[in-house]
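Coordinate inspection notes
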Amino acid sequence: MVRRRARGTSGKASARRSGGGRRLGHCPVGFGAVTLADFLDDVEAARGTITVYSDEQPTWVADQFEARNVAVHHEPLPPNGPPGFVVFREGGEFLASIGLRELRKILAPPIRRPWQDRPDSTGYRTLFELLDDTIFTAFDRRQLLGAAREIEDRAWRVGTGTLRVGFQRLSAMWSQVEVYERLGAETALSIHVYGRPDWVPAAVPNVRIHAETAPEIGSFWFLAFDGGSEPQNACALLAEERSPEAFYGFWTYDEDLVGAIEAYLSSTYGR
Amino acid sequence: MPSDGNSLDGLPLLDVDDEVFLALADQSRRMALYYLRIRDRVDVETLADVVTGWSAAGRHGTATRADRDRLLTALRVRHLPLLAAAGLVDYDRTAGTVAVERLAEPVRTLLDAAYAWEGDRNAVD
């Protein structure tokens, strides 16, 4: 089944157009990034708030989002009433809200392949759009796989354009070979895979392997898809493994930011 | 009147006039009252954020900026004037703020019962 959802349908995107929030594409830094870490710093500089409205304060919300980019507040509600919720604001303006129960469910996404249909995908996709450009902290590999699959899924559905994927170590590609074989064989995507050369995968048709020894390639997990013929589907994930199995980073639908990450990767590590 | 409404037993409902029942018949207005009861004066924009998020949490879960803007308009043109006419809130249109009025005992009991009922209805099964 083919499902498409353009970024313009999200409340956040329209809030941006109406002048509410920040515009990463217009931030003064201008993506003068010289390392992958610079992209993280730029996104960190924009600050939003998450307000948790609930009878008891759930610590897991604050635990999952970085305090430097997002301030997490709690406002108490009387006990034993309707379920609590979370409001995302930027510059004091409402961007979106989600029920606490739904948020909790979404933070434990199922693992799936890009071409599998997901009856439960709407929730995950909604969160993906809600938290666009929000710094996350201490996400584990499984939680990030949900976001990674969202990007592979978009690339799969659009079928054109460039997808760049950093696995940290090329051996991490081993369990994903089937995914990339199909992406290479069944789409017109230009696919680049990066990683430290601890294992040399067999050649995958239409997939260019970049064995790189730069330290950032070993510490960052990333995916960047330029949207191909549908630029509104551009998206990227950039996550730094700061301690074993604890990732810190962001994902974004900002076309300019995705373009800057793509440009950085191709100029630094070759086309 | 429900005969099994334990929490409403002994409540002099005849002392509650129809305007109040009409005011409480709408979920957005009930949510607004629940929130106002635990806060001092609130600005209408903040109230719209809360009522939007809280109402959605029990249903499809998420709400967008457009949902919130629609609710803000509905609060201003419909819900708050109606709550004010029923004597439940003090709505200052000029300042864009609202506060709950001192509620009569039967109305407080009715709101407590409605709050508990909406909590039970959404309890995790």
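Residues numbered from 1 in each chain as written. Chains lettered and ligands numbered in written order. Predicted model: local features only at pLDDT ≥ 70, side-chain atom pairs only at ≥ 80, totals over all residues. Heavy atoms only, no water.

Observations regarding the overall build of chain B
Basically, it comes down to this: Strands are runs of DSSP state E lasting at least two residues, helices are runs of H or I lasting at least four, and both sets are numbered from the N terminus onward. To sort residues, take the accessible area from a 1.4 Å probe on protein chains only and compare it with the maximum for the residue type: under 20% means buried, over 50% means exposed, and anything in between is partly exposed. Whether two residues are in contact is decided by their heavy atoms: any pair within 4.5 Å suffices.
Of the regular secondary structure elements, chain B holds 5 helices and 4 strands. Listing each helix as α and each strand as β along chain B from the N terminus yields α-α-β-α-β-α-β-β-α. When the 125 residues of chain B are sorted by exposure, 48% land in the buried category. Considering only residue pairs separated by 6 or more positions, chain B has 61% of its internal contacts joining residues 24 or more positions apart.

Some points on the pattern of salt bridges
This is how the line gets drawn: For this document, the term salt bridge refers to a Lys or Arg side-chain nitrogen within 4 Å of an Asp or Glu carboxyl oxygen.
All told, the structure shown has 21 salt bridges over all chains when counted by the stated rule. The shortest N-O distance in the salt bridge between E45 of chain B and R68 of chain B comes to 2.9 Å. Taken together, the residues E45 of chain B in helix α3 (residues 44–57) and R68 of chain B in helix α4 (residues 65–85) connect sequence positions 23 residues apart. Shared partners join several salt bridges into a network, and the residues in it are R89 and E93 of chain A together with E45, D49, R65, R68, D69 and R76 of chain B.

Thoughts on the nonpolar core
In a soluble, globular protein the nonpolar side chains are often hidden away together inside. Stated formally: Definition of nonpolar core: a set of buried residues of the types Ala, Val, Leu, Ile, Met, Phe, Trp, Tyr and Cys, connected through side-chain atoms within 4.5 Å.
Judged by nonpolar contacts, the single largest core of 47 residues is most densely connected at Y180 and L237 of chain A. The element that contributes the greatest number of residues to this core is helix α6 (residues 141–158) of chain A, accounting for 8 residues. If sequence neighbours within four positions are ignored, Y180 of chain A has contacts with E152, L163, V165, F167, M173, I191, V193, V204, V207 and L223 of chain A. Residues V87 and F94 of chain A together with V42 and V98 of chain B belong to the second largest nonpolar core, which totals 39 residues.

Focus: the packing of helix α2 (residues 27–37) of chain B against helix α5 (residues 105–121) of chain B
Residues and elements named next belong to chain B. In plain terms, the rule: Between N-to-C directions, angles span 0 to 180 degrees; the directions come from axes that are lines fitted to C-alpha atoms, helices contributing only their stretch in contact. Note on angle classes: values under 35 degrees are labelled roughly parallel, values over 145 roughly antiparallel, values of 65 to 115 roughly perpendicular, and the remainder oblique. Handedness of each helix crossing follows the sense of rotation of the near helix against the far helix: counterclockwise by less than a right angle gives left-handed, clockwise gives right-handed. Note that Gly is not counted as nonpolar here; it falls among the polar residues with everything else outside the nonpolar set of Ala, Val, Leu, Ile, Met, Phe, Trp, Tyr, Cys and Pro and the charged set of Asp, Glu, Lys and Arg.
For the pair α2 and α5, interaxial distance at closest approach is 11 Å and the crossing angle is 110°. Here α2 is positioned roughly perpendicular relative to α5, judged by the angle of their axes. Here the hand of the crossing between α2 and α5 comes out left-handed. Note on element contacts: α5 touches α2 through R108, L111, D112, A114, Y115, E118 and R121, opposite Q27, R30, M31, L33, Y34 and R37. Residue composition of the contact of α2 with α5, by class: 6 nonpolar, 1 polar and 6 charged.

Considerations on the confidence of the model for chain A
Residues and elements named next belong to chain A. Applicable threshold: A residue's pLDDT is simply how confident the predictor is in it, with values from 0 to 100.
In this model, chain A carries a mean pLDDT of 78, and residues with pLDDT of at least 70 account for 75%. Between the elements of chain A, mean pLDDT differs from a low of 35, seen in helix α1 (residues 11–17), to a high of 97, seen in strand β9 (residues 220–225). Scored below 50 in pLDDT, residues 1–29 makes 60 contacts in the model with residues more than four places away or belonging to other chains.

Here we look at the packing of aromatic side chains
Residues and elements named next belong to chain A. Quick reminder of the rule: In this analysis, rings of Phe, Tyr and Trp, with Trp reduced to its six-membered ring, are considered paired at centre separations within 6.5 Å, and the interplanar angle assigns stacked below 30 degrees, edge-to-face beyond 60, and tilted for intermediate values.
For the structure shown, the criterion picks out 12 aromatic pairs over all chains. Measuring from ring centre to ring centre gives 5.6 Å for W221 and F247, while their planes differ by 70°; the resulting arrangement is edge-to-face. You can see W221 sitting in strand β9 and its partner F247 sitting in strand β11 (residues 246–252), a full 26 residues away along the chain. On the basis of relative accessible area, F247 is assigned to the buried category, the value being 0%.

Digging into the confidence of the model for chain B
The predicted model of chain B averages 87 in pLDDT, with 86% of residues at 70 or higher. Contacts for the low-pLDDT stretch residues 1–6 of chain B, under 50 throughout, to residues beyond four places or in other chains number 1 contact.

Some thoughts on α4 of chain B
Residue and element names in this part refer to chain B. Keep this limit in mind: One less than the number of residues in a helix, times 1.5 Å, gives the span that helix is expected to have. The term bend refers to the angle at a residue between two fitted axes, each drawn through seven residues, those ending there and those starting there.
The terminal C-alpha atoms of α4 lie 29 Å apart, and with 21 residues this matches the ideal 30 Å at 1.5 Å per residue to within 8%. Maximum bend of α4: about 55°, positioned at L75. Residues of α4 that are buried: R65, R68, L71, L72, A74, L75, H79, L80 and L83. Where α4 ends, the next residue or the one after it, G87, has phi of about 75°, a positive value.

Quick notes on the sheet that holds strand β10 (residues 235–243) of chain A
Residues and elements named next belong to chain A. Short version of the rule: When DSSP locates at least two bridges between a pair of strands, those strands are taken to pair.
Taken in spatial order, the 7 strands of this open sheet run β5-β11-β10-β9-β6-β7-β8, and their pairing is mixed. Pairing within the sheet leaves two strands with one partner each, and these edge strands are β5 (136–139) and β8 (207–211). For this sheet the average axis-to-axis angle between neighbouring strands, irrespective of direction, equals 20°. Both strand β6 (residues 162–169) and strand β7 (residues 190–196) contribute to a ladder of 6 bridges, which runs parallel. In the sheet register, T162 faces β7, and the bridge partner there is S190. Sheet strands touched by helix α9 (residues 255–269): β6, β7, β8, β9, β10 and β11. Its angle to β9, the strand with the most contacts, is close to 115°.

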